Amino acid sequence: MTTPTLADRLRQPEYTGENRCTPCTVVNVVIAAALSLVLGVAWPPLALVSFALFAGAIYFRGYLVPGTPTLTKTYFPDRVLRWFDKEPAPTQTRVGATASAPGSAAGDDADAESPDDEVESGELDGDGASVAAFDVEATLMDAGALEVNENGDELRLVPTFESAWNDEIARTDEDVARRWLARLTGVDETDVTLESRARSRWLVAMADGTTLGSWESDGALVADVAADAALAGRLDDWDRLTAEQRSALARGLRIYLNRCPTCGGDVRFGSETAESCCRSWEVFAVRCEDCEARLLEVDAEALEPETA
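Below: a short report on this structure. Remember, predicted model here, so these are calculated numbers, not experimental data. (Residues numbered from 1 in each chain as written. Predicted model: local features only at pLDDT ≥ 70, side-chain atom pairs only at ≥ 80, totals over all residues. Heavy atoms only, no water.)

## Brief notes about the packing of aromatic side chains
In this description, an aromatic ring pair is defined by two values, namely the gap between the centres and the angle between the planes. Taken as a whole and judged by the stated rule, the model has 3 aromatic pairs. Considering the side-chain rings of Y59 and F60, the 5.0 Å spacing of their centres and the 85 degrees angle between planes classify their relative orientation as edge-to-face. We classify F60 as partly exposed; its relative accessible area is 22%. Taking the ring centre of W202 as reference, the NZ or CZ of R294 above it sits at 4.5 Å. (Phe/Tyr/Trp six-rings, centres within 6.5 Å; stacked < 30°, edge-to-face > 60°. Buried < 20%, exposed > 50% of the residue type's maximum accessible area, 1.4 Å probe, protein only. Lys NZ or Arg CZ within 6 Å of the ring centre and 35° of its normal.)

Here you go:
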């Protein structure tokens, strides 16, 4: 067994490495610089020495001020945390531009905290213009994927489409997903990689260092790939739809999943509290009862009706 080094003992893995929150680190570096300047007033060489010590603490511990994550969550207003938080609230993504709220058409609800190297859940990289006025529910009904139930009060999957979707889910694996991503984004299939980001909780698709999109889980990606295949040919203008529009359609169907695409377990719907390093927020989540995979996550604020 390898003996832990001093650096290993000092390091806090929950706040360093892939779990490091870059904005929080920047804030702590600024604090370190300010403290070093103050100490340097008493003795100039102390500024350099103290900053080196502070920077080392930030490097190994993730932050300088003890309890930084808890303090920011407790005392900073949410509007301020949104400026610094690298973990996005799941309402818009670069893979398709908008998240479709359950029971409503997709809308453009971009969050100002979009990260520099990650995206929000489940759609393809795009500027959102092609889905700004795109009626997801109406299009899915035109495609014969959704219909109004007997009571006329909500939508449901058309049985024939649900069967076709389940067949596609059974045929979809990681190789199929990579081919789908390559076709939709115009990149070489061999360049597409799928990375699970433990800190950010997303499955991220990359190609040559560029983010193609992200999903809540492997199951969410499988559901989208299979939905796109099941929808193909059901609309006269299918070939004219953009990657963002097709992605929005696939994401809009995930609320209707009855079984987990990964393990086949039952699906539950409900409110949850999502957390990042800096903040927490309420979300509407679709999750597998058995494997706990997140299949859909939408910021609860996006579901609240607008007031005049």
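Read on, since the account is not over.
## Quick word on the sheet that holds strand β3 (residues 192-197)
Here 3 strands make up an open sheet; going across it, the order is β3-β4-β5 and the pairing antiparallel. Each edge of the sheet is formed by a strand with only one pairing partner; in this case those strands are β3 and β5 (210-215). Between one strand axis and the next, the sheet turns by 25 degrees as a mean value, whatever way the strands run. Relative to strand β4 (residues 202-207), β3 is paired through 6 bridges, and the arrangement is antiparallel. Of the residues in β4, the one forming a bridge with R197 is W202. Here helix α8 (residues 174-185) sits on the sheet and contacts β3, β4 and β5; the angle it forms with β3, its principal contact strand, is near 115 degrees. (Pairing = 2+ DSSP bridges. Helix = DSSP H or I, 4+ residues; strand = E, 2+ residues; numbered from the N terminus. Axes fitted to C-alpha atoms, helices over the stretch in contact; angles between N-to-C directions. Contact = heavy atoms within 4.5 Å.)

## Here we look at the sheet that holds strand β8 (residues 294-299)
A sheet is described by the order of its strands in space; here 3 strands give the open sequence β6-β7-β8, paired in antiparallel fashion. Of all the strands in the sheet, just β6 (267-275) and β8 have a single pairing partner and so form its edges. Across the sheet, the mean angle from the axis of one strand to that of its neighbour is 30 degrees, orientation sign disregarded. Bridge analysis of β6 against strand β7 (residues 280-288) gives 9 bridges, and the strand direction is antiparallel. Note that in β7 the partner of V267 across the bridge is C288.

## Quick look at a negative patch on the surface
On the surface, D135, D142, D236, D237 and D239 cluster together into a patch of negative charge. With respect to the helices and strands, the residue D142 is situated in helix α6 (residues 136-142). Its relative accessible area of 62% is what places D142 among the exposed residues. (Patch = residues over 30% accessible without salt bridge, like charges linked within 9 Å, V, L, I, M, F, W, Y side chains within 5 Å. Areas by Shrake-Rupley, 256 points an atom, 1.4 Å probe, with all protein chains shown as cover. Salt bridge = Lys/Arg side-chain N within 4 Å of Asp/Glu carboxyl O. Lys, Arg positive; Asp, Glu negative; His and termini not counted. Charge placed at Lys NZ, Arg CZ, Asp CG, Glu CD.)

## Comments concerning the pattern of salt bridges
Pairing between side chains becomes possible if they bear opposite charge and their charged atoms approach one another. Tallying each qualifying case throughout the model produces 15 salt bridges. The salt bridge partner of R171 is E168, with a shortest N-O separation of 2.9 Å. Remark: E168 and R171 occur in helix α7 (residues 159-171); sequence separation between them is 3 residues, near one turn of the helix. A salt bridge links R287 to E272, with the nearest nitrogen and oxygen atoms 2.9 Å apart. Placement of R287 in strand β7 and of E272 in strand β6 is noted, with a sequence separation of 15 residues between them. Salt bridges linked by common partners bring R268, E272, R287, E289 and E292 together as one network.

## Remarks on unusual backbone geometry
In this model, D208 sits at a positive phi of 55 degrees, which is unusual for a non-glycine residue. Structurally, the position occupied by D208 is in the loop between β4 and β5. Here the phi dihedral of E292 falls at roughly 65 degrees; this positive angle occurs in a residue that is not glycine. Considering the arrangement of structural elements, one finds E292 in the loop between β7 and β8.

## What about the environment of A248?
Relative to the assigned elements, A248 resides in helix α10 (residues 243-253). Residue A248 is classed as buried on the basis of its relative accessible area, which comes to 1%.

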